[in-house]
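Tertiary structure, described
The chain contents come next:
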Amino acid sequence: MEQIEQTVKLFLAKYALDNPEKTYLVAFSGGFDSMCLLHALRRICDNKIVALHLNHNWRGEESDREEQNCANFCSKIGVDFYSEKLDASVPHTETAARNARYEFFNKCSQKFKSDIIFTAHNKNDNAETLIYRIAHGTGIKGLQGIAPKRDFFYRPLLSVERKNIEAYCANHNLSPNNDSSNSDTNYNRNFIRHKILPELSKINSHALDNINSLSLCARDDTEIINEYLNLIKNKIFEDNKYNLKSFLNLSEPVQMRILYELVVPLFPQDYDKKRISVLLDFIKNNNCSKSGKVCSVTTNCNLFVSDKYFELVKNEPALNISIYINKTGEYFQNSIKVKITECDKKPENTSSEILYADLSGVDFDFIVRTRHDGDIIQPLGMSGHQKLKKYLNSKKIPNHEKDRLIMLTQGKEVLWIAGVGLSDKIKVKTKPTHKIEIYKE
């Protein structure tokens, strides 16, 4: 068995993919890398294999010839072939092409009911990725380079040099596509491949190996950092919120790293230290705010900071519900479920979604809804009424939560705010008459 085939076989075993019942999907451009991978897979296993080809439709007849070459090769080695052609309106950019490919692969995963897609990224690709990220600014996480496994994408050739892949193709008389755009140095990756890496190799003949070694070191260091951060998070993170006092007692590099882990999934870019620094300054400058302050992170997500905690908050529309209740039973509207039953005993333990109330002194005529202007409440233990706005402020309910609170009401009077508070009007004096449950499903 050849070295590349042995490498692929060991990769399958490492990730428990060596099961003949599994369907393998292979991203197949027909170039040297993907043709080598597809050929090696066919030689070492009997699994059903489907080659996935996306015709970018950028080079007219040349693109169509490459697609036909891919189809012919698959027919020759006994592999299923599936292809689609991109619409001409898709921009001719590296980013647009990459996004289109992964959208295509995700669709194919569902079509062929397989959670295994092999891509033929190799050792040179990984080095090029690191150089690109360093040039654009990156942290340790970016230095990890291309992962051997991400979601359902697997990369068996990541430890193999491109020259060895080309030698494999020559030894087996394979005829890969030679995309003419691969020599166009106007594309960033091609410029790195043809101009930067050769110059680095003049400085050190082992530059390719050393860059990949840096990638492995970054992965090891990231695992250590994550293990340490998880220990800290377990102490300061609860209910999707960070305890502010505990957070501020940490060193600034740890604070920065926690914020990075929190918000970087929202960014299309790699690591942006300046953006994280702005968020950290915002937290420090507003750590005494009792009602809380909000800072925009993305167009649909904010960072909320109060004197107690901070959290990421999505910009979600206010709930729009109005559930009329005039008898016991279950009620549903949108994502809200309300259940009201007769009950004459209150257990010792209950939850914020469950209320044991005495409804004997009020008409059985309620509406479950969100807050309205002019709402009032008679707080527990008080004889008079109070504006709901003032009541919620006294409870230190953040503004972003107020419009999503679910309330049991009669007219403008609020009798219960699930998870927040109860009106004195329906408190249990001796024993309850009803059990009320409100859930967000």
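So, a few notes on the structure that sits alongside this text. For clarity, every value in this text was computed on a predicted model and none was experimentally measured.

**Focus: the packing of helix 2 (residues 32-44) against helix 3 (residues 61-77)**
Where helix 2 contacts helix 3, the axes come no closer than 11 Å and their chain directions differ by 15°. Viewed along their axes, helix 2 and helix 3 adopt a mutual orientation that is roughly parallel. For the pair helix 2 and helix 3, the sense of crossing is right-handed. Counted together, M35, L38, H39 and R42 of helix 2 and N69, F73, C74 and I77 of helix 3 form the full contact between these two elements. Its residues assigned to classes, the contact of helix 2 with helix 3 shows five nonpolar, two polar and one charged.

**Here's the deal with the environment of R150**
On the secondary structure map, R150 appears in strand 5 (residues 149-150). For the pair formed by R150 and A167, sequence separation is 17 residues and the distance between their alpha carbons is 28 Å. When near neighbours in sequence (up to four residues on either side) are disregarded, R150 contacts R98, Y102 and R155.

**Re the pairing of strand 16 (residues 366-369)**
Pairing of strand 12 (residues 322-325) with strand 16, which is carried by four bridges, proceeds in the antiparallel orientation. Of the residues in strand 16, the one forming a bridge with Y324 is I367. Where strand 16 and strand 19 (residues 407-410) come together, three bridges link them in antiparallel fashion. Within the sheet, the bridge partner assigned to V368 lies in strand 19 and is L408.

**Details of the pattern of salt bridges**
Summed over the entire model, instances satisfying the criterion amount to 23 salt bridges. For K123, the salt bridge is made with D209, and the minimal N-O distance between the two is 2.6 Å. A residue pair is termed long-range when its members are at least 10 positions apart, and K123 in helix 5 (residues 123-136) and D209 in helix 9 (residues 207-236) qualify at 86 residues. We classify K123 as buried; its relative accessible area is 16%.

**Quick notes on the nonpolar core**
V8, Y24, L38, L41, F118 and L157 are the most contacted members of the largest nonpolar core, which has 33 residues in total. Those elements that place two or more of their residues in this core are helix 1 (3-14), strand 1 (23-27), helix 2, strand 2 (48-55), helix 3 and helix 7 (162-171). If one sorts the elements of this core by residue count, helix 2 sits on top with seven residues. Those residues in contact with Y24 that lie beyond four places of it in its chain are L12, L17, D18, N19, L41, C45, N47, K48, I49, V50, I116 and F118. One finds I340, V362, F366 and I426 within the second-largest nonpolar core, a separate group that totals 23 residues.

**Side note on the packing of aromatic side chains**
This structure, assessed with the given rule, holds 18 aromatic pairs. Note on Y15 and Y154: the rings are 6.0 Å apart at their centroids and 70° apart in plane angle, and the pair reads as edge-to-face. Taken together, the residues span a long stretch of sequence, with Y15 in the loop between helix 1 and strand 1 and Y154 in strand 6 (residues 153-154) at a distance of 139 residues. Taking relative accessible area as the criterion, Y15 reaches 23% and is therefore assigned partly exposed. Summarising the aromatic geometry, the rings of Y242 and F310 are spaced 5.0 Å apart at their centres and angled 10° between planes, so their arrangement reads as stacked. Of this pair, Y242 sits in strand 8 (residues 241-243) while F310 sits in strand 11 (residues 309-314), placing them 68 residues apart in sequence. Side by side, Y242 and F310 carry an identical accessibility label, which is buried. Three or more aromatic residues joined by ring pairs form one cluster here, namely Y82, Y102, F104, F105, F112, F152 and F153. The ring centre of F112 lies 5.8 Å from the NZ or CZ of K111, which sits over that ring. Positioned above the aromatic ring of Y309 is the side chain of K241, whose terminal nitrogen or guanidinium carbon lies 4.3 Å from the ring centre.

Definitions and cut-offs
Residues numbered from 1 in each chain as written. Predicted model: local features only at pLDDT ≥ 70, side-chain atom pairs only at ≥ 80, totals over all residues. Heavy atoms only, no water. Axes fitted to C-alpha atoms, helices over the stretch in contact; angles between N-to-C directions. Helix = DSSP H or I, 4+ residues; strand = E, 2+ residues; numbered from the N terminus. Parallel < 35°, antiparallel > 145°, perpendicular 65-115°, else oblique. Left-handed = near helix turned anticlockwise from the far one by under 90°. Contact = heavy atoms within 4.5 Å. Nonpolar A, V, L, I, M, F, W, Y, C, P; charged D, E, K, R; others polar. Pairing = 2+ DSSP bridges. Salt bridge = Lys/Arg side-chain N within 4 Å of Asp/Glu carboxyl O. Buried < 20%, exposed > 50% of the residue type's maximum accessible area, 1.4 Å probe, protein only. Core = buried A, V, L, I, M, F, W, Y, C linked by side-chain atoms within 4.5 Å. Phe/Tyr/Trp six-rings, centres within 6.5 Å; stacked < 30°, edge-to-face > 60°. Lys NZ or Arg CZ within 6 Å of the ring centre and 35° of its normal.

It is worth stressing that arrangement in space is one thing and function is another; only the former is reported here.
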